[in-house]
Every structure is written in structure tokens, then in C-alpha cells.
Amino acid sequence: QVQLVESGGGLVQAGGSLRLSCAASGRTFSDYVVGWFRQAPGKEREFVSGISRSGGDTEYTDSAKGRFTISRDNAKNTVYLQMNSLKPEDTAVYYCAADPRGLIRTSQWYMYWGQGTQVTVSS
């Protein structure tokens, strides 16, 4: 089993930056792909970005491309999401999720979830 804890959320003005962290404990972290998802009030949870076990492959939703960067440090059991040029529409609770299978964009696929961290972008 893997336990995930997100951190780094907060309140930022439009155009600002935040770096989210997803710290894992439990089993060997490098055995898991990791995805970042977000959920805004009244909306479904959506895929933002994902990273393969080694970090060699990454995926982004169209709205995140060019603004967000996902990375991982398996020695530190941590995945990061650097978010730049933030927009009010990025406001949501951000969750990281891990799974031992392949990297896909469907939230129902992921076996382990963190508790989420709130990101609020003011205009």
C-alpha cells in the first residue's frame, strides 16, 4: 500500500506560480506511475498531468501544456507539479494519485489517492 500526502497549495494571484508536492510512503515509490488531478466545485475530477515510473514519460492536459511541469525524485519519494502562469480557472483541489500499472488519464484507474491540496487563483 502507498500513502500519499499533497502539499504546496495556497492562494496566489493570476500569473503567479505554485509548486505542489506529493510525498509517498509505503511501498517502493518507483514502482508506481503518478497522476495529478483537480476538482473544482460542481465539476468532475479531471486529469492534469502524469508521470511514468522513471520520470521519462510525462503527459499533460491541453490546459496545462506550456504552463505546468511534472517531475519526480524517486530517491525522495516525491512527485512535483510546478505550476506557472496560473489562471483563475486553475482554482481547484489538486490530488495526486498512484498506481502500479500504466499511465493513463482516467481517475478511476488509480489505486491510491492523497487527501488533496487547495489551489486558489485570484484575478
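Note that the structure is predicted; figures quoted are calculated from it, not measured.

1. Considerations on the state of the cysteines
- Enumeration over the complete set of coordinates arrives at 1 disulfide.
- The disulfide partner of Cys 22 is Cys 96, and the gap between their sulfur atoms is 2.1 Å. As the torsion about the S-S bond is roughly 70 degrees, the Cys 22-Cys 96 disulfide counts as right-handed. With Cys 22 in strand 3 (residues 18-26) and Cys 96 in strand 9 (residues 92-99), this residue pair connects regions lying 74 residues apart in the sequence.
- A relative accessible area of 0% means that Cys 96 is categorised as buried.

2. Comments concerning the sheet that holds strand 8 (residues 78-83)
- Spatially, the 4 strands line up as an open sheet ordered 1-3-8-7, and their pairing is antiparallel. Only two strands of the sheet have a single neighbouring strand rather than two, namely strand 1 (2-7) and strand 7 (68-73). The mean inter-strand angle of the sheet, taken between neighbouring strand axes irrespective of direction, is 15 degrees.
- Bridge analysis of strand 7 against strand 8 gives 6 bridges, and the strand direction is antiparallel. Residue pairing for strand 8: Phe 68 is matched across the bridge by Met 83.

3. Describing unusual backbone geometry
- Within the chain, Asn 77 stands out as a residue other than glycine whose phi angle is a positive 55 degrees.
- Checked against the element boundaries, Asn 77 lands in the loop between strand 7 and strand 8.
- Residue Asn 77 is classed as partly exposed on the basis of its relative accessible area of 28%.
- In this structure, Ser 85 is a non-glycine residue whose phi angle is positive, near 50 degrees.

4. Remarks on the pairing of strand 11 (residues 117-122)
- Alternating residues of strand 11 divide into Thr 117, Val 119 and Val 121, all buried, and Gln 118, Thr 120 and Ser 122, none buried.
- Bridging between strand 2 (residues 10-13) and strand 11 involves 4 bridges; their strand directions are parallel. Bridge pairing in strand 11 places Val 12 opposite Val 121.
- Sheet topology places strand 9 next to strand 11; 3 bridges connect them, and they run antiparallel. Residue pairing for strand 11: Ala 92 is matched across the bridge by Val 119.

5. Things to note about the packing of aromatic side chains
- Taken as a whole and assessed by the stated rule, the structure comprises 6 aromatic pairs.
- Seen from their ring centres, Tyr 32 and Tyr 112 are 6.0 Å apart, and the 70 degrees between their planes marks the pair as edge-to-face. Of this pair, Tyr 32 sits in the loop between strand 3 and strand 4 (33-39) while Tyr 112 sits in strand 10 (residues 112-113), and the two are 80 residues apart along the sequence. Taken as a pair, Tyr 32 and Tyr 112 share a single burial class, namely buried.
- Within the aromatic cluster, the residues linked to one another by ring pairs are Phe 37, Phe 47, Tyr 95, Tyr 110 and Trp 113.
- Over the ring of Tyr 95 we find Arg 45, and its NZ or CZ is 3.8 Å from the ring centre.
- Lying across the ring of Phe 29, Arg 72 places its NZ or CZ 4.6 Å from the centre.

Rules used throughout
Residues numbered from 1 in each chain as written. Predicted model: local features only at pLDDT ≥ 70, side-chain atom pairs only at ≥ 80, totals over all residues. Heavy atoms only, no water. Disulfide = S-S within 2.5 Å. Helix = DSSP H or I, 4+ residues; strand = E, 2+ residues; numbered from the N terminus. Buried < 20%, exposed > 50% of the residue type's maximum accessible area, 1.4 Å probe, protein only. Pairing = 2+ DSSP bridges. Axes fitted to C-alpha atoms, helices over the stretch in contact; angles between N-to-C directions. Phe/Tyr/Trp six-rings, centres within 6.5 Å; stacked < 30°, edge-to-face > 60°. Lys NZ or Arg CZ within 6 Å of the ring centre and 35° of its normal.

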